[in-house]
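Coordinate analysis (summary)
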Amino acid sequence: MPARVLVIEDDPVNQEVVSAFLEGEGCRILTADTAEEGLRLATAQRPGLIFMDGQLPGMTGYEATRRLKADPATATIPTVAFTAQAMRGEEERAAAAGCDAYITKPLDAEVFRQTLRRFLLRREAPAGL
Ligand code: MN
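What counts, and where the lines are drawn
- Residues numbered from 1 in each chain as written.
- Predicted model: local features only at pLDDT ≥ 70, side-chain atom pairs only at ≥ 80, totals over all residues.
- Heavy atoms only, no water.
- Helix = DSSP H or I, 4+ residues; strand = E, 2+ residues; numbered from the N terminus.
- Rg over C-alpha atoms; globule rule 2.2 N^0.38 Å.
- Buried < 20%, exposed > 50% of the residue type's maximum accessible area, 1.4 Å probe, protein only.
- Contact = heavy atoms within 4.5 Å.
- Salt bridge = Lys/Arg side-chain N within 4 Å of Asp/Glu carboxyl O.
- Donors = N, O, S within 2.8 Å, 3.2 Å for Na, K, Ca; no water.
- Pairing = 2+ DSSP bridges.
- Axes fitted to C-alpha atoms, helices over the stretch in contact; angles between N-to-C directions.
- Arc of directions from axis to C-beta.

Focus: the overall build of the protein
A tally of regular secondary structure across the protein gives five helices and five strands. Taking 129 residues into account, the globule formula puts the C-alpha radius of gyration at 14 Å, and the protein, at 14 Å, falls close to it. For the protein, the C-alpha atoms occupy an extent of roughly 40 × 30 × 25 Å along the three principal directions. When the 129 residues of the protein are sorted by exposure, 43% land in the buried category. Across the protein, contacts joining residues at least 24 apart in sequence account for 61% of those joining residues at least 6 apart.

Examining the pattern of salt bridges
Per the stated rule, a full pass over the model turns up 10 salt bridges. The closest approach of N and O atoms between Lys-105 and Asp-53, which form a salt bridge, is 3.1 Å. Residue Lys-105 is found in strand 5 (residues 101-105), and its partner Asp-53 is found in strand 3 (residues 49-53); the two are separated by 52 residues along the sequence. Grouping residues by exposure puts Lys-105 and Asp-53 together as buried. Across the pair Glu-90 and Arg-93 runs a salt bridge whose closest N-O atoms are separated by 2.7 Å. Highlighted residues: Glu-90 and Arg-93, both in helix 4 (residues 90-97), separated by three residues, approximately one helical turn. By relative accessible area, Glu-90 is classed as buried at 1%.

Thoughts on unusual backbone geometry
Pro-106 follows Lys-105 through a cis peptide bond whose omega is 0°. Residue placement: Pro-106 occurs in the loop between strand 5 and helix 5 (109-124).

Re the coordination of the manganese ion
The manganese ion binds to the protein through Asp-10 (OD), Asp-53 (OD) and Gln-55 (O); the donor distances cover 2.0 to 2.2 Å. All donors of the manganese ion belong to a single chain; written as a sequence motif, their spacing is D-x42-D-x1-Q. Placement of the pair is Asp-10 in the loop between strand 1 (4-8) and helix 1 (12-24) and Gln-55 in the loop between strand 3 and helix 3 (61-70), with a sequence separation of 45 residues. Asp-10 gets classed as partly exposed once you look at its relative accessible area, which sits at 34%. With a relative accessible area of 34%, Gln-55 lands in the partly exposed category.

Quick notes on the sheet that holds strand 5
If you trace the five strands from one edge of the open sheet to the other, you get 2-1-3-4-5, paired in parallel fashion. The sheet is open, and its two borders are formed by strand 2 (28-32) and strand 5, each paired with just one other strand. On average, each strand axis in the sheet is tilted by 20° relative to the strand beside it, whichever way the strands run. With four bridges connecting them, strand 1 and strand 3 associate as parallel partners.

A short note on helix 3
Residue pairs spaced three or four apart in an α-helix point in one direction, given the helix's 3.6 residues per turn. Buried within helix 3 we find Gly-61, Tyr-62, Ala-64, Thr-65 and Leu-68. One face of helix 3 carries all of its buried residues, which in axial projection span an arc of 155°. Taken together, the buried residues of helix 3 touch helix 2 (35-45), strand 3, strand 4 (79-84) and helix 4.

Scope: geometric values only; no functional claims are made or implied.
What follows is the structure, given as structure tokens:
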């Protein structure tokens, strides 16, 4: 069964770039353009991985991550923040919110691929073998 990845991103161009990449990697994609919709989908669909834009209209991606990590139903879903390279202090904000990793935009294909493998393989590895 292909991995399901939730992309929470308000910028349509970035959402398209990320979705095209994930499709190329054989993932099934769920998308949300607000934190509120992202939280709803995360709870209802339990994706294997979440990519979270830090800067969203209304609730930020960091606040959404805090809520995901506080909810036992979604706490174990790896959440990777992504945000503009030029923003200072974003890595610290992502870590403080409980994000499992942090990558910068514009997305580097190799970094993105490695991040995907790291979290999806970890979850798919059989326990105790
Ligand atoms: Mn944004």
